[in-house]
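Observations on chain architecture
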Amino acid sequence: MEEKRRCFSLSQNKFLQHWCVILFISSLAILPLTQSFNYGKALSKSLLYFESQRSGRLPYNQRVTWRHHSGLTDGLEQGVDLVGGYYDAGDNVKFGLPMAFTITMLSWGVIEYGDEISSAGEYTHALEAIKWGTDYFIKAHTHPNVLWVEVGDGDTDHYCWQRPEDMTTSRQAYKVDEKNPGSDVAGETAAAMAAASIVFRKTNPHYSHLLLQHAEQLFEFGDKFRGKYDESVRVVKGYYPSVSGFKDELLWAALWLYKATDKEDYLSYALEKANEFGGITWAITEFSWDVKFPALQIIASMLLTEENHREMGFKLVFEQYRSKAEYYLCACLNKNNGSNVNRTPAGLLYIRQWNNMQYVSNAAFLLTVYSDYLRASSQRLRCDRGKVGPEEVLLFARSQADYILGANPMGMSYLVGYGSRYPQRMHHRGASIESYRENKGFIGCTQGYDYWYPRNDPNPNVVVGALVGGPDHMDRFSDDRKNFMQTEACTYNTASLVGVLAKLHGVEEEDGYLNTPLLASS
């Protein structure tokens, strides 16, 4: 204990205190001071996860064999084909907003780190994960001004503990349209399809063009008929409410459409509405399926170095975007004089107790992308407490990924299926019940809750690549199926992690500069 006190007394910087904690724990032989991880293997597992979450008729090359066809009549009551897409987490509802965000982040990861994903032998799997989502969005966008945004009902679903293959709960579908707008979900789906169109541009140009058509129509729909989708689809309020409103999604979609089309109208939209829509006024310390401001601010700020953008007469707006982007990044690095992101004693970014890992993986991704931008443009991140070089930014992102993979006081990999110790009792209906392959007999709501849900045994099926909610503010974790705040995983947790793992895998393969001393660029 004395070593820990001495280390902390020498450092008032929380970033250094993180390493003091690790040093202290390692002295107790609980956690090695340095750990090496196979990022390529973790990347492979993270992409496999999306096959566990598939809804619809599974393909011949399905690798997760404990899953089977499900939701084959989705949309039938409404006269529309809504078979396919993803279940968001451990339940059996298809929620459009988080699903679209998942696809946006997967696509962004492939855009930035496609070469690294290829070198890991995972490029085809990454494209398959994206296309499973975008194929569904094409179906769900049945008219230029109609988007189906939810299948199933969270309330009735949560009364049941059933495998998706056995679902008896409501599969009612919900839409947004001209009279019942949903600019946020329309904007996020537009962003997802625009980003995916970039991914498929070379390998499948016809599909890429189709995605872009849908993206442009959805953006126009969301912008023309403005409103929050949770006011139109009220059943979503208890699960994925649009707390941030729709303005961030419209800016986000405009920037992705600009990246996909090079049409200056979309960039002008993001610049002209930057103040009105909060793009250059909101300083935010979290990035999530709901709050897009930090990410869109980062994308806008990275456009500043391009000569043609400097000539548009919006240099001040670009600079304001950059200032807000830096606020978020510096908050993650604990370099702001004002508000910084909280951390656990062992250094994990901590936003809130419910599914905190989503914020960690999202932050790690944005830090990773921006470190590349800084390196490529020979710049340093400007924070209140000094400038930060790209190496230090990436090293901190790696510290978050390493914590996820096992460099933590629990010695636990929070990426299910990776390492020798990971959560065994994930809060996940399909995983916790004997698989359809093993038992084709019907398992009802009551049977699931009475027999499978309360069992202390490990889940019979492993959801490989799932990033669970993670530990509490003191690095504590309880591997309990009923502890859904910590043991449930979501598609958007893993989606952002894919790009981070790809980058770390690529760095290890190429020049190994991650071995640079921790504070080399401080």
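Refer to the structure above for everything that follows.
Overview of the structure. Keep in mind it's a predicted model, so treat the numbers as computed, not measured.

Each turn of an α-helix holds 3.6 residues, which means side chains three or four residues apart point in the same direction. For helix 5 (residues 123-140), which comprises 18 residues, the first-to-last C-alpha distance of 26 Å matches the rise-based estimate of 26 Å (1.5 Å per residue) to within 8%. Among the residues making up helix 5, those that are buried are Ala126, Leu127, Ala129, Ile130, Trp132, Gly133, Thr134, Tyr136, Phe137 and Ala140. Where helix 5 is buried, its residues touch helix 3 (39-52), strand 1 (94-95), helix 4 (96-119), strand 2 (147-151), helix 7 (183-199) and helix 8 (205-224).

Attention now moves to the packing of aromatic side chains. Under the criterion given, the structure shown has 27 aromatic pairs. Ring centres 5.7 Å apart and planes at 75° place the aromatic pair phenylalanine 219 and tyrosine 266 in the edge-to-face group. Separated by 47 residues along the polypeptide, phenylalanine 219 in helix 8 and tyrosine 266 in helix 11 (residues 264-272) bring together distant segments of the chain. The exposure class assigned to tyrosine 266 is buried, which follows from its relative accessible area of 11%. Clustering of aromatic rings is evident, with ring pairs tying together Phe101, Trp108, Trp252, Trp256, Phe287 and Phe365. Across the ring face of tryptophan 132, the terminal group of arginine 54 is positioned such that the distance to the ring centre comes to 4.5 Å. In this arrangement the basic side chain of lysine 131 is found over the ring face of tyrosine 207, its NZ or CZ atom lying 4.7 Å from the centre.

Before going further, it helps to examine the state of the cysteines. The full count for this structure, using the stated rule, is two disulfides. There is a disulfide in this structure between cysteine 160 and cysteine 445, and the S-S distance comes to 1.4 Å. Classification of the bridge connecting cysteine 160 and cysteine 445 rests on its S-S torsion, roughly 45°, and on that basis the disulfide is right-handed. Of this pair, cysteine 160 sits in the loop between helix 6 (154-157) and strand 3 (173-176) while cysteine 445 sits in helix 18 (residues 445-452), and the two are 285 residues apart along the sequence. A single burial state applies to cysteine 160 and to cysteine 445, both of which are buried.

With that settled, consider the pattern of salt bridges. A full pass over the atoms with the stated rule returns 28 salt bridges. The partner of glutamate 319 in a salt bridge is arginine 382, and the shortest N-O contact between them spans 3.9 Å. In this pair, glutamate 319 is assigned in helix 14 (residues 315-332) and arginine 382 in strand 6 (residues 381-383), connecting sequence segments 63 residues apart. The class of glutamate 319 is partly exposed, set by a relative accessible area of 26%. Salt bridges linked by common partners bring Glu319, Arg322, Glu326 and Arg382 together as one network.

In this structure, asparagine 493 sits in helix 20 (residues 491-509). A relative accessible area of 0% places asparagine 493 in the buried class. Within polar-contact distance, the side chain of asparagine 493 engages the side chain of asparagine 355 at 2.6 Å. Polar contacts involving the side chain of asparagine 493 include one to the main-chain carbonyl oxygen of leucine 467, which spans 2.9 Å. Not counting residues within four places of it along the chain, the set of residues in contact with asparagine 493 comprises Asn355, Met357, Gln358, Ser361, Leu467 and Val468.

Conventions we followed
Residues numbered from 1 in each chain as written. Predicted model: local features only at pLDDT ≥ 70, side-chain atom pairs only at ≥ 80, totals over all residues. Heavy atoms only, no water. Helix = DSSP H or I, 4+ residues; strand = E, 2+ residues; numbered from the N terminus. Expected span 1.5 Å × (residues − 1). Buried < 20%, exposed > 50% of the residue type's maximum accessible area, 1.4 Å probe, protein only. Contact = heavy atoms within 4.5 Å. Phe/Tyr/Trp six-rings, centres within 6.5 Å; stacked < 30°, edge-to-face > 60°. Lys NZ or Arg CZ within 6 Å of the ring centre and 35° of its normal. Disulfide = S-S within 2.5 Å. Salt bridge = Lys/Arg side-chain N within 4 Å of Asp/Glu carboxyl O. Polar contact = N/O pair within 3.5 Å; in protein donor to acceptor, adjacent residues only side chain to side chain.

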